[in-house]
Amino acid sequence: MPLTALLPHLTDVVVDAVRFAGSMIRIHAHPHSTEAQCPKCTTSSSRVHSRYRRRPADTAIGTRPVELVLTVRRFFCINTHCTTSTFAEQIPGLTKRCARRTTVLDAVIEAIGLTLAGRAGARLAAQLGIVVGRDTLLRAVRAIPDRPIETTPILGIDDFAIRRGHVYGTAVVDLTTRRPIDLLPDRTSDTVAEWLKQHPGAEVVCRDRAGAYAEAVRTGAPDAVQVADRWHLWHNLVGAVEDTVVRYRADLQPVQRSADPAGYTDTDHTPSRTTEPDGCNAGATVTDGRLPTRTRERHTAVHELLAQGQSISAISRTLCLDRKTVRRFARAEHVEELMTSTRTSGSRVLRGFESYLRERFAAGCTDAAVLAGEITERGYRGSVKTVRRFLHSLRTAQKLQPTPPAAPTVRQVTGWLTCHPDRLTDEDRRRLGEILTRSTALTAVGRHVRGFAAIMVERRGHDLTDWMSEVDSAGSPALRSFVAGLRRDLDAVTAGLTLEHNSGPVEGHVNRIKMLKRQMYGRANLDLLRKRVIHLE
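Basis of the calculations
- Residues numbered from 1 in each chain as written.
- Predicted model: local features only at pLDDT ≥ 70, side-chain atom pairs only at ≥ 80, totals over all residues.
- Heavy atoms only, no water.
- Pairing = 2+ DSSP bridges.
- Helix = DSSP H or I, 4+ residues; strand = E, 2+ residues; numbered from the N terminus.
- Axes fitted to C-alpha atoms, helices over the stretch in contact; angles between N-to-C directions.
- Core = buried A, V, L, I, M, F, W, Y, C linked by side-chain atoms within 4.5 Å.
- Buried < 20%, exposed > 50% of the residue type's maximum accessible area, 1.4 Å probe, protein only.
- Contact = heavy atoms within 4.5 Å.
- Salt bridge = Lys/Arg side-chain N within 4 Å of Asp/Glu carboxyl O.
- Phe/Tyr/Trp six-rings, centres within 6.5 Å; stacked < 30°, edge-to-face > 60°.
- Lys NZ or Arg CZ within 6 Å of the ring centre and 35° of its normal.
- Patch = residues over 30% accessible without salt bridge, like charges linked within 9 Å, V, L, I, M, F, W, Y side chains within 5 Å.
- Areas by Shrake-Rupley, 256 points an atom, 1.4 Å probe, with all protein chains shown as cover.

All right, on to the sheet that holds strand β13 (residues 225–228) then. The strand order β11-β10-β9-β12-β13 describes an open sheet built from five strands, whose pairing is mixed. If you trace the sheet from one side to the other, it starts and ends with β11 (179–184) and β13, each paired once. Neighbour to neighbour, the strand axes of the sheet diverge by 30° on average, direction disregarded. For strand β10 (residues 167–174) and β11, the ladder comprises five bridges, and the chain directions are antiparallel. Pairing of V173 across the sheet is with P180, part of β11.

Dropping the structure here:
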């Protein structure tokens, strides 16, 4: 394969030899032209003054670095009126005056520096066989000449954080080509106005709702049409809706089913418990679970052995049970007597006080000692422990009640009110409908949001005045405050809801600036960041 296939920019030289020095490739060559032009007067000359060698670095072959050993000539300038006596020849597209690298390698280093900056760029260059340091990459980026800023009829401006919370700059974007054209060191109205005066010709300026930018455009480009960005308008509206939902958050609570004073509902009765005829849960019988099953089995076994004539001691040895346990099973004629959760004597003592205890428990008084003192004054003669057992049954029944659905959060309801109806799920649409049924205020908010959305989507800025009048008469305080802000910037808001221009490309470049800042660890100065933002394609 000829060398020009690997390095096509060497077509203007004659290759004399190719040598290897370790991992480096040295290409010895000389220009094939017989004359050169004076860089000052552009006069061609063929009178050779002397020869010398240059060793510029070139692009790698594979991953092996390349060094050119060029034998170049110094010529006499034959123009007697030129102040230059001699000059060194330059190979077009390959060498420059006082350069240690070829123009092709300079372009590669510049591209790596723009894309990856210092450390990351140096690591990539090493993998490509290019010997370059991180500082050299940054110097190459800073040396890129700025493009001339031409007349831009449609501009977009927005702020970005140089140091978040402390220092902010301004990004200027040409919305016709969607390319950034400048970064300003701050976001004050004086700086932006001075830039607009130095670059006249702006006919439309898209901006956010910041008052500093509005003042800057009025001062620096008074004839330009200011356009308030639609995204910022909608963002401000969502904030007003959220404040309204917070104001009426009591309407977000779902309606709960009615319950009796004791906290029981129709779903409180479960197969795992049975209630005595007197309605007192103190004598409840447990019928499900591993313990009741074992109790039934032992009761049956004990009575079968008793029927066979065995004694209590013999049954104890046969079933491996304590004699007292066997005697208790033998005395119980029915197994239900062994599975009562509390003593029946307690229910007899509390008879006549159950209704009062249920009412007080439903009212929120759940302290057994307090309730025992209250019913003692009414004639109760039992202990606090009996009352505690009774309250335990009420707490158990209360836990068995189905948990009511949780109320939606303020952010959820705000999202439902400001979302396109077609994007809501069936469940969200149902829950929103229940809330609007309970709250007339949020129903009005939803109607106002839909009206503003129709104006914004259909670009009916001329209907904005009627919408604001409706909000003034029937809107929430937060929406009325939003309308007051629109009136302070009414011309720009109307233009934003009528014209097709918006700050979308500007917001995209602001996000790209964040990425470039993080890539440079946030330590780059504004001049380097500006070069990368403007020149990185």
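What follows is about the nonpolar core. Membership of the largest hydrophobic core comes to 33 residues, with the highest contact counts inside it found for V245, F452, L464, W467, F482, L486 and L497. Elements with a contribution of two residues or more to this core: α7 (230–247), α15 (410–418), α16 (426–438), α17 (440–457), α18 (464–474), α19 (477–488) and α20 (490–496). The contact partners of L464, leaving out residues within four places of it in the chain, are F452, I455, L486, L490, V493, T494 and L497. Counting 16 residues, the second largest nonpolar core, distinct from the first, contains V172, I181, V192 and V205.

A complete count under the given rule lists 20 salt bridges for this structure. Where D489 meets R207, a salt bridge forms, and the shortest distance between an N and an O atom there is 2.9 Å. With D489 in the loop between α19 and α20 and R207 in strand β12 (residues 204–207), the pair connects residues that are 282 residues apart, well separated along the chain. In this pair, the class of D489 matches that of R207, namely buried. Two residues, R360 and E374, come together in a salt bridge whose shortest N-O distance is 3.0 Å. Of this pair, R360 sits in helix α12 (residues 354–362) while E374 sits in helix α13 (residues 368–376), and the two are 14 residues apart along the sequence. Accessibility expressed as a relative area gives 26% for R360, which makes it partly exposed. When salt bridges with common partners are traced through the structure, they connect D146, D182, R530 and K531 into a single cluster.

Scanning all chains against the criterion turns up six aromatic pairs. Considering the side-chain rings of F353 and Y380, the 5.8 Å spacing of their centres and the 80° angle between planes classify their relative orientation as edge-to-face. Separated by 27 residues along the polypeptide, F353 in the loop between α11 (344–350) and α12 and Y380 in the loop between α13 and α14 (384–399) bring together distant segments of the chain. By the burial criterion, F353 is buried, and Y380 matches it. Among the aromatic side chains, those forming a connected cluster through ring pairs are W234, F452, W467 and F482. Sitting over the face of the ring of Y168, R187 holds its NZ or CZ atom 3.9 Å from the ring centroid.

This paragraph deals with a nonpolar patch on the surface. Residues V15, V18 and F20 make up a contiguous nonpolar surface patch of about 260 Å² in total accessible area. For F20, the position within the fold is in strand β1 (residues 13–21). A relative accessible area of 57% places F20 in the exposed class.

The next subject is the pairing of strand β6 (residues 57–61). Strand direction decides the pairing type here: β6 and strand β7 (residues 64–76), joined by three bridges, are antiparallel. Opposite A57, over in β7, you have E67 as the bridge partner. The antiparallel hairpin formed by β6 and β7 contains two residues in its connecting segment, where G62 sits at a positive phi of about 70°.

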